[in-house]
Amino acid sequence: MSLEKPYSNVPGTTIFDADQSRKGYWLNQFCMSLMKAENRERFKANERAYLDEWDMSEEQKQAVLDRDLNRCIALGGNIYFLAKIGATDGKSFQQMAGSMTGMTEAEYRDMMLNGGRSVEGNRYIGEQK
């Protein structure tokens, strides 16, 4: 298996690969625990205490507490697992994605309906137009 990661050259993009998976294992396990109602209730009752039951880094725990999903992704979180946090908070995936891009839910929805984000500024670093 190649250790080269040509995809790491895309600005603003974190690819969930094997390294990210290892880094975020416990963060993602915590997220999956929120699929059970009793765990969601325990988490909502005392978020910090529930997070402390998981072998996550302090930085991962703080990112969850801050609901900084972009930071969670940088720390190994997978968006499909992180969606469980949003659902626990009563947010749709569209609301979460909008918050991650600095857009309102409506702005994000409209962007996606109009073909997604522009490729301008989102190509490989150093790529010519």
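This one's a predicted model, so the numbers in the text were calculated from it and none came from an experiment.

**Student:** Mind showing me how you'd approach the overall build of the protein here?
**Tutor:** Across its full length, the protein carries nine helices and zero strands. Ordered by position from N to C terminus, the α and β elements of the protein give α-α-α-α-α-α-α-α-α. Residues classed as buried in the protein amount to 29% of the 129 residues present. Sequence separation of at least 24 residues holds for 50% of the intrachain contacts in the protein that already meet a minimum separation of 6. Charge-centre separation for the protein: the mean point of 17 positive side chains lies 2 Å from the mean point of 19 negative side chains.

**Student:** Any chance you could explain unusual backbone geometry here in plain terms?
**Tutor:** Residues other than glycine predominantly adopt negative phi, and peptide bonds predominantly adopt the trans conformation. The phi dihedral of arginine 67 is positive, around 55°, even though this residue is not glycine. Within the secondary structure layout, arginine 67 lies in the loop between helix H5 (58–66) and helix H6 (69–74).

**Student:** What should I look at first to understand the nonpolar core in this one?
**Tutor:** If you look at soluble globular proteins, the nonpolar side chains tend to sit buried side by side. Ranked by size, the top nonpolar core spans 19 residues in total, and within it Leu27, Phe30, Phe43, Met56, Val64, Leu82 and Ile85 carry the most contacts. Aside from chain neighbours lying at most four places away, what touches methionine 56 is Trp26, Leu27, Phe30, Leu51, Lys61 and Val64.

**Student:** Would you mind showing me how to read the pattern of salt bridges here?
**Tutor:** Think of it this way: side chains of opposite charge can pair up when their charged atoms draw near. If you walk through the whole model with that rule in mind, you get ten salt bridges. A salt bridge links arginine 48 to glutamate 58; its shortest N-O distance comes to 2.7 Å. Of this pair, arginine 48 sits in helix H4 (residues 47–51) while glutamate 58 sits in helix H5, placing them ten residues apart in sequence. Using a relative accessible area of 44% as the deciding quantity, one classes glutamate 58 as partly exposed. A salt bridge links lysine 61 to aspartate 52; the nearest nitrogen and oxygen atoms lie 3.1 Å apart. Lysine 61 sits in the buried class, given a relative accessible area of 9%. If you follow the salt bridges from partner to partner, you end up with Arg48, Asp52, Glu58 and Lys61 in one network.

**Student:** I keep staring at the packing of helix H2 (residues 25–33) against helix H7 (residues 79–88) and nothing clicks. Help me out?
**Tutor:** Helix packing geometry: the angle between the two helix axes and the distance between the axes. Contact geometry for H2 and H7: axes closest at 8 Å, N-to-C directions at 45°. Put simply, H2 runs oblique to H7. In the crossing of H2 with H7, the sense of the turn from one axis to the other is left-handed. For the pair H2 and H7, the contacting residues are Asn28, Phe30, Cys31 and Met32 in the first and Phe81, Leu82, Lys84 and Ile85 in the second. The residue makeup of the contact of H2 with H7, split by class, is six nonpolar, one polar and one charged.

**Student:** How do you make sense of the side chain of asparagine 28 when you look at a structure like this?
**Tutor:** Position of asparagine 28 relative to the elements: it lies in helix H2. Judged by relative accessible area, which is 3%, asparagine 28 ranks as buried. Within the local environment of asparagine 28, its side chain forms a polar contact with the backbone nitrogen of asparagine 78, the two atoms lying 3.0 Å apart. If sequence neighbours within four positions are ignored, asparagine 28 has contacts with Phe16, Gly76, Gly77, Asn78 and Phe81.

Conventions adopted
- Residues numbered from 1 in each chain as written.
- Predicted model: local features only at pLDDT ≥ 70, side-chain atom pairs only at ≥ 80, totals over all residues.
- Heavy atoms only, no water.
- Helix = DSSP H or I, 4+ residues; strand = E, 2+ residues; numbered from the N terminus.
- Buried < 20%, exposed > 50% of the residue type's maximum accessible area, 1.4 Å probe, protein only.
- Contact = heavy atoms within 4.5 Å.
- Lys, Arg positive; Asp, Glu negative; His and termini not counted.
- Charge placed at Lys NZ, Arg CZ, Asp CG, Glu CD.
- Core = buried A, V, L, I, M, F, W, Y, C linked by side-chain atoms within 4.5 Å.
- Salt bridge = Lys/Arg side-chain N within 4 Å of Asp/Glu carboxyl O.
- Axes fitted to C-alpha atoms, helices over the stretch in contact; angles between N-to-C directions.
- Parallel < 35°, antiparallel > 145°, perpendicular 65-115°, else oblique.
- Left-handed = near helix turned anticlockwise from the far one by under 90°.
- Nonpolar A, V, L, I, M, F, W, Y, C, P; charged D, E, K, R; others polar.
- Polar contact = N/O pair within 3.5 Å; in protein donor to acceptor, adjacent residues only side chain to side chain.

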